[in-house]
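Chain residues, written in single-letter form:
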There are 2 protein chains.
Amino acid sequence: MFRKTQHNRVFQDLVDQIQAAILDGRLKPGDKLPSQRDLVDMFQTSRASIREALRVLEQKGLIEVKLGVSGGAVIKTAGTESITADLTLLMQQQQVSFDHLAEFRESIEGDVAAMAALKAAPSDIARLEDILVQAEACLNGDDHTPYDFIRMDIRLHIALAEITGNPVFVAVMKMIHETVLGFYDRFTFRRRAVLEENYRDLGAIVAAVKAGRSEEAKKLALSHVGRFNRHMKNASHGPEAPSPSNRATPKN
Amino acid sequence: MFRKTQHNRVFQDLVDQIQAAILDGRLKPGDKLPSQRDLVDMFQTSRASIREALRVLEQKGLIEVKLGVSGGAVIKTAGTESITADLTLLMQQQQVSFDHLAEFRESIEGDVAAMAALKAAPSDIARLEDILVQAEACLNGDDHTPYDFIRMDIRLHIALAEITGNPVFVAVMKMIHETVLGFYDRFTFRRRAVLEENYRDLGAIVAAVKAGRSEEAKKLALSHVGRFNRHMKNASHGPEAPSPSNRATPKN
DNA sequence: ATCATACGAATGGGTCACCCATTTAAACAG
DNA sequence: CTGTTTAAATGGGTGACCCATTCGTATGAT
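Quick caveat: nothing in here was measured; it's all calculated off a predicted structure.

### Topic: the overall build of chain A
Helix and strand counts for chain A come out as 11 helices and two strands. From first element to last, N terminus to C terminus, chain A shows the α and β order α-α-α-β-β-α-α-α-α-α-α-α-α. In chain A, which comprises 252 residues, the share counted as buried stands at 50%. Total accessible area on chain A is roughly 12,400 Å²; 52% of this is exposed by carbon and sulfur atoms.

Here you go:
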């Protein structure tokens, strides 16, 4: 039951030690780790092992490695990026279908909108309305690009999640929308009427949030998501079932 | 806009390629990657870079590396381990609190129970009832271990998610519960009355699912989760805010 | 023949001594 | 004072090498 002698690999020890230092607060975001060569001296190990450890910490999203003199590994501010990437990965592995995502969205977006309506501060409202303005620009601007409008749609939904103040909702929301984005390559909306309907939905949701009407926001978000999903379904006339495009996890 | 020459690090290219092969299905769980030295020949790179790539893939939970002759890197079955580890990490960084998780649970578990009530097949009911029997054994058996009962509680909730047929719910549910489990080291339930109340809740939920009463199942699940969260809150009388035990990411 | 032991090959883990590209700051020329 | 060059420190990368683990196989005693 006791662990075997030296059963830990060297790089794992390094990862544990550095991670513990970060979690204990001995290393704060923005702090810089010693150079790889100094770490070699400190830990009495080889540079390759040091680098494997840094690679793992980097992948975990705990540090960021920069090049050049006085570059090095700096402790990153905690964020939800890595977990979003991992969940996206899991979804791709498990062959999650668009219907699965749609069902999940319908379960969660209503609650998010309702919570946002209860918690929104004036600055939050301003941010939402700013996104609305940008969305309208994408809709009516000269360079009318449906893809940009969708980006704004997603930004608004994530903004709602951020208003809840709950990072779990933010992480899950980002994950869902980033994965959904993978479907747009095939089923991009080209009908302007659909986009306009979408825009009106967003405006109504923001108005309800602004007024603090949580139940109304919830109902609007639900019908919005439901209608969106139906449009996506109608747009999918392809031979096989929709599946996300096979790009690797982006920007990781 | 085009990426700079060789802007990718070598190990990142390797990670992307191998990961894409796994996600495409060209590499299936159980398959074994070539040996590190063969990969050196195939990719025309150094062994150190190969190993950094394998380390990252290992950390992502995509492969498992074994020692000895005819050891090597085997593709792992998709799992939620790495995601759970990441979420645990976030919680340790105090970015996610128990309250956040609790709020999220209350948002999602009701819908899961309702969907399960609508979709449950007789075999699903049998499985739920089997779990109930085991939970009762943990409660009344000679070796009365609260921890085992909690495991059964979690198994039942995950079983409900599986009945929905939606892998997104399953993944999210596993993630949440496995993370919540990290709190039990400090706030283990020792009062038998709480456990019994929990058990009655579960029985009622299963009964509602069996009868196909989705709304009733939803309400029961909501009150169950809400009461559970209140108990957890009351149990936390410690000086500081509840935070998961500081063990490193388990078995990763 | 059978079983136990010893050996050797292949593998991942680890180390060392290098070299290169990038980046910054100091030194220098105008 | 300004712009340019240069040197140093850093992370990225490579190849040769050794070690511990593991397993198949050969060897040998029974």
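Having put the structure on the table, let's press on.
### Topic: the packing of aromatic side chains
Scanning the model with the defined rule gives two aromatic pairs over all chains in all. Here the guanidinium or amino end of Arg-105 of chain A rests over the ring plane of Phe-228 of chain A, the centre of that ring lying 5.3 Å away.

### Let's talk about the packing of helix H4 (residues 81-92) of chain B against helix H8 (residues 167-181) of chain B
Residues and elements named next belong to chain B. Running from N to C, H4 and H8 cross one another at 50 degrees; their axes reach a closest spacing of 9 Å. Taken as axis vectors, H4 and H8 run oblique relative to one another. Read as a crossing pair, H4 and H8 show a hand that is right-handed. Note on element contacts: H8 touches H4 through Met-175, Glu-178 and Thr-179, opposite Ile-83, Thr-84, Leu-87, Thr-88 and Met-91. Here the residues of the contact of H4 with H8 are counted per class, giving four nonpolar, three polar and one charged.

### What about the side chain of Asp-201 of chain A?
Residues and elements named next belong to chain A. Locating Asp-201 in the fold gives a position in helix H10 (residues 192-211). According to the relative accessible area criterion, Asp-201 is buried, its value standing at 13%. In this view, Asp-201 contacts His-224 and Arg-227; residues no more than four positions away in its chain are not counted.

Cut-off values and rules
- Residues numbered from 1 in each chain as written.
- Chains lettered and ligands numbered in written order.
- Predicted model: local features only at pLDDT ≥ 70, side-chain atom pairs only at ≥ 80, totals over all residues.
- Heavy atoms only, no water.
- Helix = DSSP H or I, 4+ residues; strand = E, 2+ residues; numbered from the N terminus.
- Buried < 20%, exposed > 50% of the residue type's maximum accessible area, 1.4 Å probe, protein only.
- Areas by Shrake-Rupley, 256 points an atom, 1.4 Å probe, with all protein chains shown as cover.
- Phe/Tyr/Trp six-rings, centres within 6.5 Å; stacked < 30°, edge-to-face > 60°.
- Lys NZ or Arg CZ within 6 Å of the ring centre and 35° of its normal.
- Axes fitted to C-alpha atoms, helices over the stretch in contact; angles between N-to-C directions.
- Parallel < 35°, antiparallel > 145°, perpendicular 65-115°, else oblique.
- Left-handed = near helix turned anticlockwise from the far one by under 90°.
- Contact = heavy atoms within 4.5 Å.
- Nonpolar A, V, L, I, M, F, W, Y, C, P; charged D, E, K, R; others polar.

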